[in-house]
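Residues per chain, in single letters:
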Amino acid sequence: MMERQKIILDCDPGHDDAVAIMLAANSPQIELLGVTTVAGNQTLEKTQKNACRVLQWLGRDIPVYAGCGRPMVREPRAAGDIHGETGLDGPVFPPLHKTVEPEHAVSYMIRTLLASDGDIIVVTTGPMTNLAMAMRMEPRIVEKIRRIVLMGGAYANGNVTPAAEFNVLVDAEAAHVCFTAGRPVTMVGLDVTHKVLCYPEIVERMAQVNNGASRLFVDLMRHFCKTQKEVFGMEGGPLHDPLTIASLIDPKLLTTKPMNVQIDLRSEQSYGRTNCDYYGYLGLPATADVAVDVDVPRFWDIVEDCLRRYGEEEGAT
Ligand code: RIB
Ligand code: CA
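Residues numbered from 1 in each chain as written. Chains lettered and ligands numbered in written order. Predicted model: local features only at pLDDT ≥ 70, side-chain atom pairs only at ≥ 80, totals over all residues. Heavy atoms only, no water.

Asks: Can you break down the site of ligand 1 residue by residue, with the values?
Replies: The immediate surroundings of ligand 1 are formed by 13 residues, with D16, N159, E165, N167 and D241 found nearest. Measuring from an oxygen atom of ligand 1, one finds a backbone N or O atom of T125 at 2.9 Å. Here an oxygen atom of ligand 1 and a side-chain polar atom of D241 are 2.6 Å apart. Coverage of ligand 1 by the protein chains reaches 96% of its 280 Å² of free accessible surface. Given that more than half its atoms are within 2 Å of the pocket grid, ligand 1 belongs to the largest pocket. Listing elements by their share of the shell around ligand 1, those giving two or more residues are α1 (15-24) and α6 (166-170). For the shell around ligand 1, the per-class residue count stands at two nonpolar, six polar and five charged. (Near = heavy atom within 4 Å. Polar contact = N/O pair within 3.5 Å; in protein donor to acceptor, adjacent residues only side chain to side chain. Areas by Shrake-Rupley, 256 points an atom, 1.4 Å probe, with all protein chains shown as cover. 1 Å grid on protein atoms, 1.4 Å probe; cavity = no way out; pocket = protein on both sides within 12 Å on 5 of 7 lines; lining within 4 Å. Sits in = over half its atoms within 2 Å of the grid points. Helix = DSSP H or I, 4+ residues; strand = E, 2+ residues; numbered from the N terminus. Nonpolar A, V, L, I, M, F, W, Y, C, P; charged D, E, K, R; others polar.)

Asks: Describe unusual backbone geometry, naming the residues involved and giving the relevant values.
Replies: Despite not being glycine, N210 shows a phi value in the positive range, around 55 degrees. Locating N210 in the fold gives a position in the loop between α9 (200-207) and α10 (212-232).

Listed below in structure tokens is the structure:
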């Protein structure tokens with residue numbers, strides 16, 4: 001039995017972030033220490049509430065901390081076209097009782113990492129503002145970060161501009177800080193997340209689990225898949241964020257390739273691009289393990305197994 005991996009999940013719920021929370025909050029391989037939220041898919045006010053809504057629905061008493069409400073340099077941008085006005089359109093949630101902790105997410109990250117034995121993995125599934133700010137505020141935490149696992153970037157096309165993927169585009173400076181910190185980085189980019197498409201038959205498969213968590217999954221996917229079809233013409237919504245967590249549940253899930261990755265901060269047209277030296281042509285040191293393939297059937301098995309582990313109590317609170 002592999003050791004339980006301690007993680008902090010930094011996210012911008014967001015439908016796919018919500019599924020990442022579902023996996024992280026109920027997997028024997030993961031100890032979810034805390035959830036930190038950031039402005040991204042929607043405003044911080046909305047993403048923090050959404051993280052609380054999901055954990056309340058799942059009946060998981062995991063602390064949520066609100067972080068930065070805007071990128072380090074550029075103006076905020078949201079993804080209401082995908083995630084809706086609330087950031088989690090679709091499911092009907094009961095009245096929200098769970099509240100965020102009083103401590104700022106950046107302070108929480110610093111306090112928790114400093115007190116750790118260097119065994120915490122920081123998973124980011126939104127813009128990397130909180131983690132970058134934490135490293136700049138307290139550089140002593142850098143060596144305490146076991147690994148950074150991010151959903152973001154792409155060595156092929158972006159999904160907002162042709163060059164850039166949303167999480168990195170929103171705060172490219174923050175991504176640059178994280179990629180150049182000198183800690184191990186796993187980049188789970190669009191190149192693999194666009195392979196885990198939540199087709200109708202997958203939604204039906206998860207609906208058969210027939211518990212509170214599966215009902216939330218189905219309601220989330222009903223909206224997410226509809227907007228992904230409208231915006232990108234995809235027949236199934238790409239489950240970007242949970243792929244980060246699933247890669248920790250099964251280390252064989254992803255095939256990765258060490259690459260030198262540099263974030264474009266200067267050009268307007270390609271701002272936020274993760275320039276990945278796939279062939280190592282530049283002879284520069286690798287700065288990230290970039291995911292190049294995924295065992296798709298295994299991923300859906302992980303999702304189903306996780307949903308089955310939830311009981312009936314979810315959604316009632
Ligand atoms: O580009 C996809 C990423 O941007 C996902 O994390 C999605 O939730 C949005 O944050
Ligand atoms: Ca996200």
